[in-house]
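The primary structure of each chain is shown beneath.
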Amino acid sequence: TMGDVMGTLYKSSGQVITGVLGFFTALCIAGMELTVIGILSESLGIGFHFGVWVMGVLLVLYTTHGGIKSVAFTDVFQGLVLFAVLPIITVAALKQAGGIKQVLLQVPTTQLRLLNHPQASYYTALFLSLSVFQFSVIDPALMQRILMGRTKQQLRNQFFIVAVCLLALMVALSLLG
């Protein structure tokens, strides 16, 4: 785990701090995912709480029974669905809005100012804090996936693929936004 790595580098205090932060990170991610599942359940006519409980129990069962292999398989499946569906949704949303040119013309000019933006200092501080404090790095699930790499070359390829996919994801989400 990330705690083990930090414990090796910074002794037990680093291991404990990383463990506590990793626990809260995992808890927040699980809460976010279960909330989305509840919202999707509601949209399908199923109760929010019922959907959360059923999917939460299934999540715990497949994770504890199947281990990291089942979690990795689910990640791959979710990634494939995301990269199949997101471009379709993005293109449909842009078409509905009148095309990318129409969307860009509707952006308020105040949002296009960088240095003289009324909240430039706020956005600069936000950017720097999110750039410096990369809480996703202490995500226990991320560390598990990193430790699954068998060679340096495999890890290098893994990070390259993630970087390219993340860029595509951010562009699609920005266009949707």
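Scroll up for the structure.
Below: a short report on this structure. Being a predicted model, the structure only gives us computed values, none of them experimental. (Residues numbered from 1 in each chain as written. Predicted model: local features only at pLDDT ≥ 70, side-chain atom pairs only at ≥ 80, totals over all residues. Heavy atoms only, no water.)

### As for the overall build of the chain
Here is the rule we go by: Starting at the N terminus, helices and strands are each numbered in turn, a helix being any DSSP run of H or I of at least four residues and a strand any DSSP run of E of at least two. Working definition: with a 1.4 Å probe on protein chains only, accessible area under 20% of the residue-type maximum means buried, over 50% means exposed, and in between means partly exposed. By definition, residues are in contact when any of their heavy atoms lie within 4.5 Å. Each accessible area is a Shrake-Rupley result for a 1.4 Å probe, and residues are judged covered by the shown protein chains and nothing else. Positive residues here are Lys and Arg, negative ones are Asp and Glu, while His and the chain termini are left out of the count. A single reference atom marks each charge: NZ on Lys, CZ on Arg, CG on Asp, CD on Glu.
Looking only at helices and strands, the chain has seven helices and zero strands in total. Dimensions of the chain, computed from the C-alpha atoms along their principal axes, are close to 55 × 45 × 35 Å. Relative to its full complement of 177 residues, the chain shows a buried share of 16%. In the chain, of all internal contacts separated by at least 6 residues, the share reaching a separation of at least 24 is 46%. For the chain, the exposed surface amounts to about 13,600 Å²; the carbon and sulfur share of it is 74%. Charged side chains of the chain number 9 positive and 5 negative; the gap between the two group centres comes to 15 Å.

### A look at the packing of helix α2 (residues 48–96) against helix α7 (residues 152–176)
This is how it is decided: Axis angles are defined between N-to-C directions and span 0 to 180 degrees, where every axis is a line fitted to C-alpha atoms and, for a helix, only to the segment in contact. Note on terminology: angles under 35 degrees are roughly parallel, angles over 145 are roughly antiparallel, angles of 65 to 115 are roughly perpendicular, and the others are oblique. Note: crossing handedness is left-handed where the near helix turns anticlockwise from the far helix by less than a right angle, and right-handed where it turns clockwise. Charged residues are taken to be Asp, Glu, Lys and Arg, nonpolar residues to be Ala, Val, Leu, Ile, Met, Phe, Trp, Tyr, Cys and Pro, and polar residues to be all remaining types, Gly included.
Following both chains from N to C, one finds α2 and α7 inclined at 30°, their axes separated by 9 Å at the closest point. In this view, α2 runs roughly parallel relative to α7, as classed from their interaxial angle. In the packing of α2 onto α7, the handedness of the crossing is left-handed. Contacts between α2 and α7 involve L82, F83, L86, I89, T90, A93 and L94 from the former and C165, A168, L169, A172, L173, L175 and L176 from the latter. Looking at the contact of α2 with α7, its residues break down into 13 nonpolar, one polar and no charged.

### A look at the side chain of T18
Looking at the secondary structure, you find T18 in helix α1 (residues 2–43). On the accessibility criterion, T18 (9% relative accessible area) is buried. T18 has contacts with M2, G3 and M6, leaving out every residue within four places of it along the chain.

### Things to note about α2
Think of an α-helix as 3.6 residues a turn; residues three or four steps apart then line up on the same face. Applied cut-off: How far a helix is expected to stretch is found by multiplying one less than its residue total by 1.5 Å.
Compared with an ideal rise of 1.5 Å per residue, which puts 49 residues at 72 Å, α2 spans 29 Å between its outermost C-alpha atoms and falls more than 12% short. Taken together, the buried positions of α2 are G51, V52, G56, S70, V71, A72, T74, L86, T90 and L94. Next to the buried residues of α2 lie α1, α3 (100–105), α6 (140–147) and α7. Of the residues flanking the end of α2, it is G98, one or two places downstream, whose phi is positive at about 100°.

### Looking at the packing of aromatic side chains
Under the convention used in this document: The aromatic pairing rule takes the rings of Phe, Tyr and Trp, using the six-membered ring of Trp, and pairs them if the centres are within 6.5 Å, calling planes under 30 degrees apart stacked, those over 60 edge-to-face and the rest tilted.
Counted under the stated rule, the structure contains two aromatic pairs. When the centroid spacing of 5.5 Å and the interplanar angle of 65° are considered together, the rings of F23 and F24 count as edge-to-face. A ring pair is formed by Y122 and Y123, whose centres lie 5.3 Å apart and whose planes are at 65°; its orientation type is edge-to-face. Exposure remark for Y122: the relative accessible area of 46% places this residue in the partly exposed category. You can call Y123 partly exposed: its relative accessible area is 39%.

### Brief notes about the environment of A125
Along the polypeptide, A125 turns up in helix α5 (residues 120–132). For the pair A125 and G66, spaced 59 residues apart in sequence, the C-alpha to C-alpha distance is 42 Å.

### So, the packing of α1 against α2
Here α1 crosses α2 at 130°, and the two axes come no closer than 8 Å. Between α1 and α2, the interaxial angle falls into the category oblique. Note on packing geometry: the crossing formed by α1 with α2 is right-handed. Where α1 approaches α2, its residues L34, T35, I37, G38, I39, S41 and E42 are matched on the opposing element by F48, G51, V52, M55 and G56.

### Here we look at the side chain of S41
Mapped onto the elements of the fold, S41 is located in helix α1. Once residues lying within four places of it in the same chain are set aside, the contact partners of S41 are I46, G47 and G51.

Shape descriptors only; they carry no functional weight alone.
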